Amino acid sequence: MLLDAIIIGGSYSGMAAALQLARARRYVLVVDAGQRRNRFARHSHGFLTQDGEPPGAIAARAREQLMRYPTVTWIEGTVRSAAAAKGGFQVQLEGGAQHDGRRLVLASGVADELPDLPGLRERWGTSVFLCPYCDGYELAQGHLGVLATGASWFHQAMLIPEWGRTTLFTNGIHHPDAEQRAALATRGVSIEETPVRSVSGERATMQLEDGRSIPLEGLFLIPRTRLTSAVAEGLGCALDDGHMGPFIRTDAKKATSVPGVFACGDVARAAGSVSLAVGDGAMAGAAVHQSLVFDSSSK
Ligand SMILES: Cc1cc2nc3c(=O)[nH]c(=O)nc-3n(C[C@H](O)[C@H](O)[C@H](O)COP(=O)(O)OP(=O)(O)OC[C@H]3O[C@@H](n4cnc5c(N)ncnc54)[C@H](O)[C@@H]3O)c2cc1C
């Protein structure tokens with residue numbers, strides 16, 4: 001069967017795209033590997049009507065509502081590759097199954113690559129965070145840290161004092177210049193230049209190489225990100241460089257550089273959130289539908 005659209009990734013952005021298509025009675029397949037980016041967090045914040053809900057509960061409710069539409073099919077699995085085929089595209093799943101669709105929506109998210117520091121990974125999403133808008137408020141204006149990683153460490157160190165007294169851990173990677181030190185001082189940021197050995201404790205106690213320890217209520221850092229799937233590159237979609245990593249280039253309607261292929265959510269923006277993923281997905285779903293109606297020149 002030639003489906004109207006195949007959506008790769010069934011989290012917030014993919015389900016939002018599927019919902020628009022389902023409501024136009026189009027035949028949609030969602031393939032999802034079940035690895036939402038925020039699966040490490042206990043609560044999700046900032047998404048209207050769902051503020052503070054467990055991220056899995058939001059996704060489960062969305063899926064339950066989506067699956068009430070009879071034209072939607074869901075496969076728990078992983079798409080290995082996709083290629084142009086007669087009438088549109090063919091996707092290959094791990095395990096060998098193949099499915100054909102007139103349009104593709106890439107909603108497969110990104111993965112965070114954390115610095116290799118003992119104790120960091122197990123605190124990701126509970127006391128070590130990326131996004132202060134998601135998690136800053138709950139830290140109750142306690143002592144916070146910024147761990148310098150990639151290029152955006154200075155921006156983050158300037159921003160985080162909005163949520164509490166802040167120490168910047170340069171960790172032997174970055175050395176603020178005189179101008180940066182002066183700017184950080186105006187924000188009340190302390191600078192700790194001793195490298196960090198590990199993170200421990202119930203929250204995030206920074207254990208330094210010289211034996212000192214600095215207890216924090218929460219630690220922020222900006223990880224590198226990578227696309228979770230090689231499908232976009234395999235199709236030849238153009239990518240852009242973001243401050244955290246590459247993302248798929250899209251236009252205002254979430255169309256990629258490859259005709260018939262759309263992308264939404266974290267995979268198609270420099271930095272994302274649940275709200276933005278849902279908005280992007282809704283745009284992509286409507287744009288896919290209208291391309292099926294109006295665009296007879298493309299596949
Ligand atoms: C620790 C943490 C906490 C966060 N907290 C918040 C918060 O409080 N509020 C907020 O708004 N945002 C938060 N975010 C950001 C939020 O998680 C993302 O912006 C959001 O999940 C993006 O949704 P998405 O649909 O684009 O991608 P994702 O939610 O990452 O979902 C992508 C889906 O695609 C699937 N997939 C990938 N490759 C394939 C493949 N080849 N085949 C099939 N399926 C595939 C994945 O398994 C996954 O299910 C947080 C992020 C992190 C890391």
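The present account deals with the structure reproduced in this document.

Calculation rules
Residues numbered from 1 in each chain as written. Predicted model: local features only at pLDDT ≥ 70, side-chain atom pairs only at ≥ 80, totals over all residues. Heavy atoms only, no water. Helix = DSSP H or I, 4+ residues; strand = E, 2+ residues; numbered from the N terminus. Polar contact = N/O pair within 3.5 Å; in protein donor to acceptor, adjacent residues only side chain to side chain. Contact = heavy atoms within 4.5 Å. Pairing = 2+ DSSP bridges. 1 Å grid on protein atoms, 1.4 Å probe; cavity = no way out; pocket = protein on both sides within 12 Å on 5 of 7 lines; lining within 4 Å. Points joined across faces, edges and corners; volume = space filled by probe spheres on them. Phe/Tyr/Trp six-rings, centres within 6.5 Å; stacked < 30°, edge-to-face > 60°. Buried < 20%, exposed > 50% of the residue type's maximum accessible area, 1.4 Å probe, protein only. Salt bridge = Lys/Arg side-chain N within 4 Å of Asp/Glu carboxyl O. Expected span 1.5 Å × (residues − 1). Arc of directions from axis to C-beta. Near = heavy atom within 4 Å. Areas by Shrake-Rupley, 256 points an atom, 1.4 Å probe, with all protein chains shown as cover. Nonpolar A, V, L, I, M, F, W, Y, C, P; charged D, E, K, R; others polar. Axes fitted to C-alpha atoms, helices over the stretch in contact; angles between N-to-C directions.

### Side note on the side chain of H45
Piece 1. Relative to the elements of secondary structure, H45 occurs in the loop between strand 2 (28–32) and helix 2 (55–66).
Piece 2. Within the local environment of H45, its side chain forms a polar contact with the backbone oxygen of C134, the two atoms lying 3.0 Å apart.
Piece 3. At a separation of 3.3 Å, a polar atom in the side chain of H45 contacts the side chain of E138.
Piece 4. Residues in contact with H45, not counting those within four places in the same chain, are D51, G52, C134, D135 and E138.

### Structural notes on the sheet that holds strand 9 (residues 141–147)
Piece 1. An order of 8-15-9-10-11 is seen for the five strands of this open sheet, with the pairing classed as parallel. Each of the sheet's edge strands pairs with one partner strand only, and the pair in question is strand 8 (128–129) and strand 11 (190–192).

### Notes on empty space enclosed by the protein
Piece 1. Under the counting rule described, the total for this entry stands at two cavities of 30 Å³ or more.
Piece 2. Every residue lining the largest cavity is listed: R37, V110, T225, M244, G245, P246, F247, D266, R269, A270, A271 and G272.
Piece 3. The computed volume of the second largest cavity comes to approximately 40 Å³.
Piece 4. I8, L106, S108, L227, S229, V231, A232, I248 and V267 together form the lining of the second largest cavity.

### Observations concerning helix 5 (residues 178–186)
Piece 1. Its side-chain oxygen at 3.2 Å from the backbone nitrogen of E179, D177 defines the N-terminal cap of helix 5.
Piece 2. Where helix 5 ends, the next residue or the one after it, G188, has phi of about 75°, a positive value.

### Some remarks on the packing of aromatic side chains
Piece 1. Overall, the coordinates contain three aromatic pairs when judged by the stated rule.
Piece 2. Look at Y133 and W163: their rings are 5.3 Å apart centre to centre, the planes differ by 90°, and that puts the pair in the edge-to-face class. A residue pair is termed long-range when its members are at least 10 positions apart, and Y133 in helix 3 (residues 132–135) and W163 in the loop between helix 4 (153–159) and strand 10 (164–169) qualify at 30 residues.
Piece 3. Y133 sits in the exposed class, given a relative accessible area of 60%.
Piece 4. We classify W163 as buried; its relative accessible area is 16%.

### Digging into the side chain of D32
Piece 1. Here D32 is to be found in strand 2.
Piece 2. Polar side-chain contacts of D32 include one of 2.9 Å to the backbone nitrogen of G10.
Piece 3. Residue contacts for D32: discarding those within four places in its chain leaves G9, G10, S11, W74, I75, E76 and G77.

### Examining the pattern of salt bridges
Piece 1. Applying the stated criterion across every chain, the model contains 16 salt bridges.
Piece 2. The residue R203 makes a salt bridge to E217 at a minimum N-O spacing of 3.5 Å. Separated by 14 residues along the polypeptide, R203 in the loop between strand 12 (196–200) and strand 13 (204–208) and E217 in the loop between strand 14 (213–216) and strand 15 (218–220) bring together distant segments of the chain.
Piece 3. When salt bridges with common partners are traced through the structure, they connect D4, R26 and R102 into a single cluster.

### Some remarks on helix 2
Piece 1. Here helix 2 contains 12 residues, and its C-alpha end-to-end distance of 17 Å stays within 8% of the 16 Å for a straight helix at 1.5 Å per residue.
Piece 2. For helix 2, the complete set of buried residues consists of P55, I58, A59 and L66. Taken down its axis, helix 2 places every buried residue within 95° of arc, on the same side.
Piece 3. Where the residues of helix 2 are buried, they touch helix 1 (12–22) and strand 3 (72–76).

### Digging into the environment of R102
Piece 1. Positionally, R102 belongs in strand 6 (residues 98–106).
Piece 2. A sequence separation of 74 residues divides R102 from V28, and the C-alpha atoms of the two residues are 10.0 Å apart.
Piece 3. At 3.4 Å, the side chain of R102 forms a polar contact with the side chain of D4.

### Points about the site of the ligand
Piece 1. In the vicinity of the ligand, 34 residues are found, and the nearest of them are S11, S13, D32, Q35 and H45.
Piece 2. One of the backbone nitrogen or oxygen atoms of G34 is found 3.3 Å away from an oxygen atom of the ligand.
Piece 3. Note that an oxygen atom of the ligand is positioned 2.7 Å from one of the backbone N or O atoms of Q35.
Piece 4. When the free accessible area of the ligand is taken as 1000 Å², the share hidden by the protein chains comes to 96%.
Piece 5. Partitioning the shell around the ligand into residue classes produces 11 nonpolar, 18 polar and five charged.

### Concerning the sheet that holds strand 12
Piece 1. Strand order across the open sheet formed by three strands is 12-13-14, with antiparallel pairing between neighbours. On the outer flanks of this sheet lie strand 12 and strand 14, each paired with one strand and no other. With strand direction ignored, the average angle separating the axes of adjacent strands in the sheet is 20°.

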